[in-house]
Amino acid sequence: MSDPQLPGVQNEENQRARVASGAGLALVGRLGALIEVVSVIFFTWAYGAVTYGLFAVLWSYVKVLTAVSDIAMTTALQRFVPRAEGEAADHAAGYALKLSLIASSLMALALTLAAPFLGRFINAGDGDAEHLVQVIQLYAWVLPFWTIVEVATAAIRARRTFGPEIRVRIFYEQGLRLVAALAFAGLGFNTFGLFAAHLVSVMLAAILALRLVAKHYNFRAVMAAPMRGLQVQAMRRYGRTVMPANLVKKLFSEFPVMYLNLLLPGAAGAAAGGYYAVARKVASALQLVRLTFEYVMAPLAAERDGQGDRTALGDMYAFATRISLALALPFGVSLMAARHDLLAALTPEFQVAGSAIVILCVARIVEAATGPSSAIVEMLGHRSLPLLNGIAGLAVLLVLGFALIPEQGVTGAAWAAAFGMNTTAILGLVQTQVLFRLNPYTRLMMRPLALGILLGALLFGLGDALNTFGPPFGLVSAVFGFMVSLLILVRYGIGPEDALALGRFGRILRYGRA
């Protein structure tokens, strides 16, 4: 077959290639989050379900607080750096780092002083409860270091460089956490080990993230960045308006863990938070697809909009949406089919998370069908809309969670999270169509959608049949089935322009040559 590169499709193909190239690098990095899934296996066997549950709850609180302590500088950098020229980009990164470090350090100090009071609102097992105040005081200092990691890696992404954070955020931070946690467990630090290990790993990650900033920016100019001026005022103003929306995003992911701990008493509350955290981690592997394209589309949307090129933006949006959905369907079904084998690696009580995995995977597939709509709404200047969308979804989560968690526990939390996240995602999709006249659903969507549904149904049936034989048949069939589905989708499901935009990978699968 001849190469179908035609002059009329060169520009569209180039735009799609920019999205695919950046998404590929970001996806590789975020696939490293599977290290965290593997880590959970070791953590639960070394420290027990209840202590791991307490760790999951406090880590959720830190991640939510980071959405406040970074003053939305992670988002502001995506907006201001691509449009900045010369030293202005260095100053933007420097101001973001300085402001977020000051805010997060003050918050950590406040948490340390308030630990005796805060401990009354966190449920823990009997073995952990007596040390809870000291654990909070220690773990509070993860906040400033994690904030630096978030802001520094956001500064790298703002340069439209999507790969370098892989080693920092995944292989160093999570890899070192695993090694240190197992070492501390061997030394007998039954309660403090997980928390001390995480503090050590995040400190190292923060140092390495700053080294990345020095590589991609003029670090002397970054350190000398002024705390006043027109750009600073614009970033601060933008950060204040976007921060509530970022906070709501974090609450979507983390609040079910916190909600379970609040609504269920004692060790049951701590353990339930851990069970849900495991279900969320499995389903979040599916979220990698959508988040990868959102990470890439945010700075590209700002760039295209700044040039007034809505046609290219619309094409990139449609491409990202159909590729997201084509990948999410077989991937999500594979995770559902493998859930029993995945949970079998943990302590037996974690089997309760099986239903939650199915619910959350279905919700993530629906979310993937909306594409990077949230990033586009956010980047095109409608600052209040992401917040309103998030509040609407969070309200759904809160109401359903309050009604369902006391009786259904982890499953009730999963239902609440599923309806909440899809409320927000669908609102963003509607707004891109109504306000910006950007419709991601073109005729090119039909074939990958139909083929994805067919392959997903076959994978689910195969996995359900093989699960009766016990591990590892379900997991092996899910992995093999997804790989075959991916090959089929690229070869027969997507068009030639989309395949070429995927670079060498797409050309090999579609045409048998690079």
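In what follows, the structure referred to is the one given above.
Residues numbered from 1 in each chain as written. Predicted model: local features only at pLDDT ≥ 70, side-chain atom pairs only at ≥ 80, totals over all residues. Heavy atoms only, no water.

Asks: What is the right way to look at a nonpolar patch on the surface in this model?
Replies: A cluster of nonpolar residues, V362, V366, I426, V430, V434 and L435, forms a patch on the protein surface that exposes about 460 Å² of accessible area. Sorting the residues of the nonpolar patch by element identifies α15 (354–368) and α18 (410–435) as the ones contributing at least two each. Top element by residues in the nonpolar patch is α18. It accounts for four residues. With respect to the helices and strands, the residue V362 is situated in helix α15. The exposure class assigned to V362 is partly exposed, which follows from its relative accessible area of 41%. (Patch = residues over 30% accessible without salt bridge, like charges linked within 9 Å, V, L, I, M, F, W, Y side chains within 5 Å. Areas by Shrake-Rupley, 256 points an atom, 1.4 Å probe, with all protein chains shown as cover. Salt bridge = Lys/Arg side-chain N within 4 Å of Asp/Glu carboxyl O. Helix = DSSP H or I, 4+ residues; strand = E, 2+ residues; numbered from the N terminus. Buried < 20%, exposed > 50% of the residue type's maximum accessible area, 1.4 Å probe, protein only.)

Asks: Would you mind going over the packing of helix α17 (residues 384–408) against α18 with me for this structure?
Replies: Axes are the key here: two packed helices are described by the angle between their axes and the distance separating the axes. Axis separation between α17 and α18 bottoms out at 7 Å; the angle between their running directions is 160°. Between α17 and α18, the crossing angle belongs to the class labelled roughly antiparallel. Between α17 and α18 lies a crossing whose hand is right-handed. Broken down by class, the residue content of the contact of α17 with α18 amounts to 15 nonpolar, 12 polar and no charged. (Axes fitted to C-alpha atoms, helices over the stretch in contact; angles between N-to-C directions. Parallel < 35°, antiparallel > 145°, perpendicular 65-115°, else oblique. Left-handed = near helix turned anticlockwise from the far one by under 90°. Nonpolar A, V, L, I, M, F, W, Y, C, P; charged D, E, K, R; others polar.)

Asks: Just to check I follow, could you spell out the nonpolar core for this structure?
Replies: Generally speaking, nonpolar side chains in soluble globular proteins are found buried as a group. Counting residues in hydrophobic clusters, the biggest one holds 124 residues, and the most contacted among them are Y52, L77, Y217, M235 and Y276. Per element, the largest residue contribution to this core is 13 residues, and it comes from helix α12 (residues 230–263). If we skip the residues at most four places from it in the chain, M235 touches M73, A76, L77, F80, A92, Y95 and A96. Core analysis: the second largest hydrophobic core is formed by nine residues, L313, Y317, I376 and F436 among them. (Core = buried A, V, L, I, M, F, W, Y, C linked by side-chain atoms within 4.5 Å. Contact = heavy atoms within 4.5 Å.)

Asks: What exactly am I supposed to notice about the side chain of S334 here?
Replies: Structurally, S334 is set in helix α14 (residues 310–344). A residue is classified by how much of its surface remains accessible, and S334, at 5% relative accessible area, is buried. With near-sequence residues (within four places) excluded, S334 lies in contact with L459, A478 and F482.

Asks: Honestly, the pattern of salt bridges in this entry has me stumped. Any pointers?
Replies: Inspection of every chain in the model, using the stated rule, returns five salt bridges. Across the salt bridge formed by E254 and R280, the nearest N and O atoms sit 2.8 Å from each other. Of this pair, E254 sits in helix α12 while R280 sits in helix α13 (residues 266–306), placing them 26 residues apart in sequence. Residue E367 pairs with R364 through a salt bridge whose shortest N-O separation is 2.7 Å.

Asks: Which parts of the structure should I look at to understand the packing of aromatic side chains?
Replies: Aromatic rings considered in pairs are described by the distance between their centres and by the relative angle of their planes. Following the criterion strictly, the structure yields 13 aromatic pairs and no others. For the ring pair F80 and Y238, a centre distance of 5.9 Å and an interplane angle of 80° mean the geometry is edge-to-face. With a gap of 158 residues between them, F80 in helix α4 (residues 73–80) and Y238 in helix α12 connect regions that are remote in the sequence. Within the aromatic cluster, the residues linked to one another by ring pairs are F43, Y52, F55, Y139 and F195. When the ring centre of Y217 is taken as origin, the NZ or CZ atom of R159, which lies over that ring, is 4.2 Å away. (Phe/Tyr/Trp six-rings, centres within 6.5 Å; stacked < 30°, edge-to-face > 60°. Lys NZ or Arg CZ within 6 Å of the ring centre and 35° of its normal.)

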